[in-house]
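Breakdown of the fold
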2 protein chains.
Amino acid sequence: MAKRTFNLAELDNNSQFNNKQESKTLIEHAYSLMRQDIISGALKPGEKLRVAHLQKKYEISASTLREAISRLVSEYLVSAEGQRGYKVSDINIDELKDITDLRVLIEVKAVRESVRHGSDEWKQQLTEVFNQLSQFEQPINPDKSQQWEYYNSQFHQLLSNGKPSPWTLRTLKLLSQHSERYRHLAIKISKNKRDVHAEHTTIYEAVMAGNELRAALATEDHIRTTTEQIINNYGSKSN
Amino acid sequence: MAKRTFNLAELDNNSQFNNKQESKTLIEHAYSLMRQDIISGALKPGEKLRVAHLQKKYEISASTLREAISRLVSEYLVSAEGQRGYKVSDINIDELKDITDLRVLIEVKAVRESVRHGSDEWKQQLTEVFNQLSQFEQPINPDKSQQWEYYNSQFHQLLSNGKPSPWTLRTLKLLSQHSERYRHLAIKISKNKRDVHAEHTTIYEAVMAGNELRAALATEDHIRTTTEQIINNYGSKSN
DNA sequence: ACTATGCATATTATCGATTATTTATTTTTC
DNA sequence: GAAAAATAAATAATCGATAATATGCATAGT
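Structure report, in brief. (Residues numbered from 1 in each chain as written. Chains lettered and ligands numbered in written order. Predicted model: local features only at pLDDT ≥ 70, side-chain atom pairs only at ≥ 80, totals over all residues. Heavy atoms only, no water.)

With respect to the element layout, Pro139 of chain B can be found in the loop between helix 6 (120-137) and helix 7 (145-159). In this structure, the C-alpha to C-alpha distance between Pro139 of chain B and His197 of chain B, residues 58 residues apart in sequence, is 9.0 Å. (Helix = DSSP H or I, 4+ residues; strand = E, 2+ residues; numbered from the N terminus.)

Spelled out as structure tokens, the structure:
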């Protein structure tokens, strides 16, 4: 009997809009899917990851699945407990605050460096991404939240990478992943009342104008406002 | 035929001095060992991780070993290349500089917070660890470098944790791991000419005196000096 | 009624074998 | 004799089965 064969083309059109995840092996693929499921909230905090069940869902063997899960442990999206298997990491507000503070420290510094050292080519790239992003948040279209998520993430990454720093990028990616998860768990995008586009625009314009301080303040404000909104939504339990 | 059984006691006395790694499963155990081997330089940068060979070394089955390796990928100590297996991550000076800058940003901030918010109990703990550390660096004893490594790491961690922040701790741990690797690859401990103990003492005393600025400056200086020394040793190829 | 003990069931951790892919070697062709 | 093609060997990725462990339930004892 032929073993299940895998090819890139087939794998890649599973999810509608996954420019970022270029999966090569089955493990990488399963890893990407699971990470996305955790961040999006499809797999809920505290949920036990029973291998037998997930095997069917991801159409993959037990060992392979375990290997994928293992990676998520190092990213703190999954926690391992002794011989009692794995579960999706729990969440709590204090942790979100902690993540936010650290993210502010790093991202603000990175944006400042970008303003100082960003090349013209970089500015051009930023403009492109900003325009793409604007498309999806003016007006807000709940049907295209996937695309918004993507360009929002790209915008923040690029913003922090005017002076390239791999470790800054990695660290911010990790932190942002977790921020996203909290956001998804708390906020229905349709309920988003604040004008995110205006905030992005402020940051963008400050950067393009070379105004380091203004860019820094706008970035910090943007990150902290998002967190505040998440915390408020938690409080009012508007699930 | 009985399957190879594993018990904690047996596992734990493999390494002389492993207070930190409390391995439960075989995977966790292998993971700890491999991480240590990479950080210490026993597994060299760029070295291919051939599963068949490592299986014998760690006395573990292929799949189990792969699972352990997977975790190291998320920590950037190992890099995966398509269907071509795994290898120990390469090193280069630019990356060390990058790590150092980020580490300074985070650790200095953390130390400042510690000075502001550290409780009396925390100060007491810090004193204990500082004294332990001093034992092993005054005078420097190459036979006890293991212990020095341990207490040095503890000292820095505690220093950054006067105001507890799990994410700061995790991030610094990750960055410090990589710093350590670079240090081990470049510096033979016996060749360490600078007075590390004096630097630690300066930091410690500033913290105890509640002098935030001085503590911050001393911390930054300490981290950067270490990196400079590594870079110099690379240059002179005193391998 | 409540805890404790033992058995059945479910789930996890581990292993060894199988299939797929890459790397090395030889053979063929121009 | 060098490039290309074909083959062989080595290594990686994946799978399914088995042993170890934990969980749930029933029964016995207080």
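Counting 26 residues, the largest nonpolar core has Leu102 and Ile106 of chain A together with Leu102 and Ile106 of chain B as the members making the most contacts within it. When contributions to this core are tallied by element, the ones reaching two or more residues are helix 5 (93-117) and helix 8 (166-186) of chain A together with helix 5 (93-117) and helix 8 (166-186) of chain B. Other than its neighbours up to four places away in sequence, Leu102 of chain A contacts Leu175 of chain A together with Ile106, Trp167, Thr168 and Thr171 of chain B. (Core = buried A, V, L, I, M, F, W, Y, C linked by side-chain atoms within 4.5 Å. Buried < 20%, exposed > 50% of the residue type's maximum accessible area, 1.4 Å probe, protein only. Contact = heavy atoms within 4.5 Å.)

In the vicinity of DNA strand C lie 21 residues, with Arg66 of chain A together with Leu26, Ser61, Ser63 and Arg84 of chain B positioned nearest. Per the 4 Å cut-off to the protein, sugar and phosphate atoms form 81% of the nearby atoms of DNA strand C. One nitrogen or oxygen atom from the main chain of Val51 of chain A is found 3.2 Å from a phosphate oxygen belonging to DNA strand C. Taking Arg66 of chain A, its side chain carries an N or O atom lying 2.4 Å from a phosphate oxygen of DNA strand C. Mapped by element, the contributors of at least two residues to the surface near DNA strand C are helix 4 (62-74) of chain A together with helix 2 (26-40) and helix 4 (62-74) of chain B. (Near = heavy atom within 4 Å. Polar contact = N/O pair within 3.5 Å; in protein donor to acceptor, adjacent residues only side chain to side chain.)

Bringing the relation of the copies chain A and chain B into the picture now. Rotating chain A by 180 degrees and translating it 0.0 Å along the rotation axis places it on chain B, where the RMSD comes to 0.0 Å. In short, the pair behaves as if placed about a two-fold rotation axis. Looking at chain A, 100% of its interface residues are interface residues in chain B too, so the copies touch through the same face. (Least-squares fit on C-alpha atoms with pLDDT ≥ 70 in both.)

Attention now moves to the packing of aromatic side chains. Given two aromatic rings, one states the distance between the centres and the angle between the planes to describe the pair. A full pass over the atoms with the stated rule returns 10 aromatic pairs over all chains. Centre to centre, the rings of Tyr76 of chain A and Trp167 of chain B are 5.4 Å apart; their planes meet at 70 degrees, and the pair counts as edge-to-face. Taken together, the residues Tyr76 of chain A in the loop between helix 4 and strand 1 (78-80) and Trp167 of chain B in helix 8 connect one chain to another. Given a relative accessible area of 0%, Trp167 of chain B falls into the buried group. With a centroid separation of 4.1 Å and an interplanar angle of 10 degrees, the aromatic rings of Phe130 of chain B and Tyr204 of chain B are classed as stacked. With Phe130 of chain B in helix 6 and Tyr204 of chain B in helix 9 (residues 196-208), this pair connects stretches of sequence that are 74 residues apart. Of the two residues, Phe130 of chain B and Tyr204 of chain B, both sit in the buried class. (Phe/Tyr/Trp six-rings, centres within 6.5 Å; stacked < 30°, edge-to-face > 60°.)

A word on the pattern of salt bridges. Residue and element names in this part refer to chain A. Applying the stated criterion to the full structure yields 26 salt bridges over all chains. For Asp37, the salt bridge goes to Lys57, with nearest N and O atoms at 3.8 Å. Pair noted here: Asp37 is in helix 2 (residues 26-40) and Lys57 is in helix 3 (residues 51-58), with a separation of 20 residues, a long-range link. The residue Glu199 makes a salt bridge to Arg194 at a minimum N-O spacing of 2.7 Å. (Salt bridge = Lys/Arg side-chain N within 4 Å of Asp/Glu carboxyl O.)

As a volume, the second largest pocket reaches approximately 350 Å³. Taken together, 19 residues form the lining of the second largest pocket, with Lys163, Ser165 and Thr168 of chain A together with Asp98 and Asp101 of chain B sitting closest to its centre. Of all the secondary structure elements, the ones that give two or more residues to the lining of the second largest pocket are helix 5 and helix 8 of chain A together with helix 5 of chain B. The greatest single-element share of the lining of the second largest pocket, amounting to 7 residues, is contributed by helix 5 of chain B. Among the residues making up the lining of the second largest pocket, the classes are represented as 6 nonpolar, 4 polar and 9 charged. (1 Å grid on protein atoms, 1.4 Å probe; cavity = no way out; pocket = protein on both sides within 12 Å on 5 of 7 lines; lining within 4 Å. Points joined across faces, edges and corners; volume = space filled by probe spheres on them. Nonpolar A, V, L, I, M, F, W, Y, C, P; charged D, E, K, R; others polar.)

A separate point is the protein's contact with DNA strand D. Taken together, the neighbourhood of DNA strand D is formed by 22 residues, with Leu26, Ser61, Ser63 and Arg84 of chain A together with Arg66 of chain B sitting nearest. Those atoms of DNA strand D that come within 4 Å of the protein belong to sugar or phosphate at a rate of 82%. Interatomic distance of 2.6 Å between a side-chain N/O atom of Ser63 of chain A and a base oxygen of DNA strand D. A distance of 3.1 Å is found between a phosphate oxygen of DNA strand D and a side-chain nitrogen or oxygen belonging to Thr64 of chain A. At the level of secondary structure, the elements contributing two or more residues to the surface near DNA strand D comprise helix 2 and helix 4 of chain A together with helix 4 of chain B. For the surface near DNA strand D, the class distribution of residues is 7 nonpolar, 9 polar and 6 charged.

With that settled, the discussion passes to the interface of chain A and chain B. Contacts between the two partners involve 32 residues from chain A and, on the opposite side, 32 residues from chain B. Each partner contributes to the roughly 3000 Å² buried at the junction of chain A and chain B, and carbon and sulfur atoms together form 59% of this total. Counting the surface chain A buries against chain B, the share from its top three residues, Glu67, Arg71 and Trp167 of chain A, is 24%. At the boundary of chain A with chain B, the tally comes to 4 salt bridges. The shortest N-O distance in the salt bridge between Arg170 of chain A and Glu95 of chain B comes to 3.8 Å. Inspection of the chain A/chain B interface yields 16 residue pairs in polar contact (both at pLDDT 80 or more). (Buried area = accessible area lost by both parts, 1.4 Å probe.)

Before going further, it helps to examine unusual backbone geometry. All names here are of chain B. With a phi angle near 50 degrees, Glu59 is a residue other than glycine that sits in the positive phi range. Tracing the backbone shows Glu59 in the loop between helix 3 (51-58) and helix 4. With phi around 65 degrees, Tyr76 is a residue other than glycine that occupies positive phi space. The class for Tyr76 is partly exposed, based on a relative accessible area of 29%.

Looking now at the packing of helix 3 of chain A against helix 4 of chain A. Residues and elements named next belong to chain A. Following both chains from N to C, one finds helix 3 and helix 4 inclined at 95 degrees, their axes separated by 10 Å at the closest point. Comparing the axis directions of helix 3 and helix 4 gives the class roughly perpendicular. Together, Val51, Leu54, Gln55 and Tyr58 of helix 3 and Ala62, Leu65 and Arg66 of helix 4 make up the contact between the two elements. Split by residue class, the contact of helix 3 with helix 4 holds 5 nonpolar, 1 polar and 1 charged. (Axes fitted to C-alpha atoms, helices over the stretch in contact; angles between N-to-C directions. Parallel < 35°, antiparallel > 145°, perpendicular 65-115°, else oblique.)

What follows covers the side chain of Lys87 of chain B. Residue and element names in this part refer to chain B. Topologically, Lys87 is positioned in strand 2 (residues 86-88). There is a polar contact of 2.9 Å between the side chain of Lys87 and the side chain of Asp90. If we ignore the near neighbours within four places in the chain, the residues touching Lys87 are Gly46, Glu47, Lys48, Leu49, Val78, Ser79 and Glu81.

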